[in-house]
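Tertiary structure, described
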Amino acid sequence: MAPAEPNAKPFQLIGDAPVFPEEREGWRGYIEWEKYPEKKKQAADILAKYDFPVPPEFQLEPLPKTNPLLEGVRWKHYHYALGDTLKDMPDISWEHVLKEKSEDMLHVLQFPYNGEPPRKRLVETEITDNKDLFVRNHGGIPEIDPASYYFEVEGLVNNPKKITLAELQDESIFPRMSTTVTLQCSGTRRLEQIHDYPGDGDELINAPWGEGAIGTSRWTGVSLKKVIKYCGGLKDNGKHLEFFGADTYFKKGQVYNYGVSVPSRKMKVNEVMLAWEVNGETLPPIHGGPLRVVVMGYIGARSCKWLTRINVISDPSLAPVQMKEYIYYTPQVGKHNATYSNGFSIQTMPVASAIMTPVDKDVIMHDGKIKLTGWAYSGSGWPERVEVSADGGGVWYQVPYDQLSTKYLHAWRTWEYEIPVDAEGWLEFCVRCWDDALNTQPTFVRSAWNWDLHVTSSCHRVKLYSVNRTKPMTAKRLKLMEEKGVSMLPLTRPMEFDLETEEEYLEEMKKRGGRDPIE
């Protein structure tokens, strides 16, 4: 477990613990806030009494060498402050992490849990193992008895209904669908933007994601289009579908249920699913079980977990996650002038790709070729071509089609390629993807930098130290190092022996005409 953040003091309850009972029988950790303004105000008044820890600085200072990287102390304190129903959510959530995710996950943020799998393993298969699927949660993990589960459909729909999980799974009412879908957090590869230029750290820390906040699964459930039809269809002004989850979300001293929306046109083309199964297994609690939304091609934030309610509305949701977050700004917008309205809302994921192996700063000994592996994805189509470069983007090599994984309409393609490399020393490798509409990636991180540090869609770059064994001098040096039992690693450690003998030096100087010119 990560050590407590430096500015965090033990939580001390002020006064008596508030009483916000669970909303539904069989639903542990769910408080309905959106339907009860007076309850939301009461919670805000309670939160106002506390001096919560400030966010830890991790953009202008090095990340801790811990796992979890960050703890989320103030988010734990938010939950402690609101009484018995929420105070155990940090511990409950961590128990689900330990039970449902791989032991070697990188825990980016302990609470609310954010985690990604080891880089190499992620691209070894085109379908991500459930234990390796990344997690980006915005609150605690509710525990919901499937037998007690239901969700509501209301708002600008002709026949509002309450639908149980059993009804949804009744194939005589709702035909099922199974689709291979990639989900990606819009914060994937955020570290690259942070390293170049830091950005916003709002109520939920912009977690320092690497390249693993993406995964591909076979989801099973029901198209939302069938559910809306079952409810009599949309009214004329029903243009957006608002989803609410059972998790509690905090923003600037206020409390909410997690809420987002997608335009109804997305539903009408069967690109929104209500899913209860992932890769042939019952949807686990950490990923939104018993039922979650899966929105194909959109940022992962729109795929609401622990679905409680679908509200049909005329305009995009005003919930904070939709209105105030996941905003893409120009590079001229920052702390000095950012507003919620002067950026645009991120929905469809752009073309992106990543080199997963080798990793940045690796030393690679090779015989003229270096094997690269990675992923490529486009939310608005499919990856049609992947190209890699060993010189920072001057010369590009196309990854052969037979070294790309299966082409799916709504999913990534993993890839591998042995790229020709003659040069030695530090080289910059990069990758770019072209989708079916010829969309590709910006060349440099700065081109994609934005204040909220979302969507690092630029060509992914890694710097590798090339040691080409086909070079005679390199082969000679490696043989000598082997004889003396000396390693190339760490690269920066000085050699423990002279680089050449005095005789060899004098002989070479004679060949080269010496150090000094002839007078």
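Before reading on, note that the structure itself is shown above.
Scope of this entry: the structure provided in the associated data block. (Residues numbered from 1 in each chain as written. Predicted model: local features only at pLDDT ≥ 70, side-chain atom pairs only at ≥ 80, totals over all residues. Heavy atoms only, no water.)

Structural notes on the packing of aromatic side chains
This is how the line gets drawn: By convention, a stacked pair of Phe, Tyr or Trp rings (six-membered ring in the case of Trp) has centres within 6.5 Å and planes under 30 degrees apart, an edge-to-face pair has planes over 60 apart, and any other such pair is tilted. In this description a helix means any DSSP run of H or I spanning at least four residues, a strand means any run of E spanning at least two, and both kinds are numbered starting from the N terminus. We call a charge positioned over a ring when the NZ of a Lys or the CZ of an Arg lies within 6 Å of the ring centre and within 35 degrees of the ring normal.
In the structure shown here, the tally under the stated rule is 20 aromatic pairs. Seen in terms of ring centroids, F11 and Y50 are 5.4 Å apart; in terms of plane orientation they differ by 20 degrees. Their pairing is stacked. Of this pair, F11 sits in the segment before strand 1 (27-28) while Y50 sits in the loop between helix 1 (37-47) and helix 2 (73-81), placing them 39 residues apart in sequence. Ring geometry for W75 and Y249: centres 5.6 Å apart, planes at 40 degrees, overall tilted. Placement of the pair is W75 in helix 2 and Y249 in strand 10 (residues 240-251), with a sequence separation of 174 residues. Cluster of aromatic residues (ring-pair linked, three or more members): F11, Y50, F52, W75, Y78, Y80, Y249 and F250. It is K161 that lies over the ring of Y230; its NZ or CZ is 5.0 Å from the centre.

Examining a positive patch on the surface
Which entries qualify depends on this criterion: Note on patches: the residues involved have over 30% relative accessible area and no salt bridge, like charges join within 9 Å, and the nonpolar side chains Val, Leu, Ile, Met, Phe, Trp and Tyr join within 5 Å. Note on areas: these come from Shrake-Rupley sampling with a 1.4 Å probe, and a residue is covered only by the protein chains present in the view. Salt bridge, as applied in this entry: a Lys or Arg side-chain nitrogen positioned within 4 Å of an Asp or Glu carboxyl oxygen. This count recognises Lys and Arg as positive and Asp and Glu as negative, with His and chain-terminal groups excluded. Here the site of a charge means atom NZ of a Lys, CZ of an Arg, CG of an Asp or CD of a Glu.
Taken together, the side chains of K225, K226, K229, K239 and K268 make up a positively charged region of the molecular surface. With respect to the helices and strands, the residue K225 is situated in helix 8 (residues 224-230).

Quick notes on the state of the cysteines
For clarity, the threshold we go by: Disulfides are defined as pairs of cysteine sulfur atoms found within 2.5 Å of each other. Relative accessibility under 20% of the residue-type maximum defines a buried residue, over 50% an exposed one, and the middle range a partly exposed one, all with a 1.4 Å probe and only protein chains included.
Under the defined criterion, the tally for this structure stands at zero disulfides. No disulfide involves C304; its sulfur sits 15 Å from the nearest other cysteine sulfur, which is in C185. The exposure class of C304 is buried, given its relative accessible area of 0%. C459 carries a free sulfur, and the closest cysteine sulfur to it, the one in C430, is 5.7 Å from it. On the basis of relative accessibility, which here comes to 2%, the residue C459 falls in the buried class.

What about the pattern of salt bridges?
Throughout the structure, instances matching the rule amount to 31 salt bridges. Across the pair R469 and D367 runs a salt bridge whose closest N-O atoms are separated by 3.1 Å. Of this pair, R469 sits in the loop between strand 25 (460-468) and helix 12 (472-484) while D367 sits in the loop between strand 19 (363-366) and strand 20 (369-377), and the two are 102 residues apart along the sequence. Among the residues examined, R469 registers a relative accessible area of 36% and is labelled partly exposed. Assessed through its relative accessible area of 53%, D367 is described here as exposed. When the shortest N-O distance is used, the salt bridge between R432 and E387 registers 2.6 Å. Highlighted residues: R432 in strand 24 (residues 425-435) and E387 in strand 21 (residues 383-389), separated in sequence by 45 residues. The network of salt bridges with shared partners includes E507, E508, K511 and R512.

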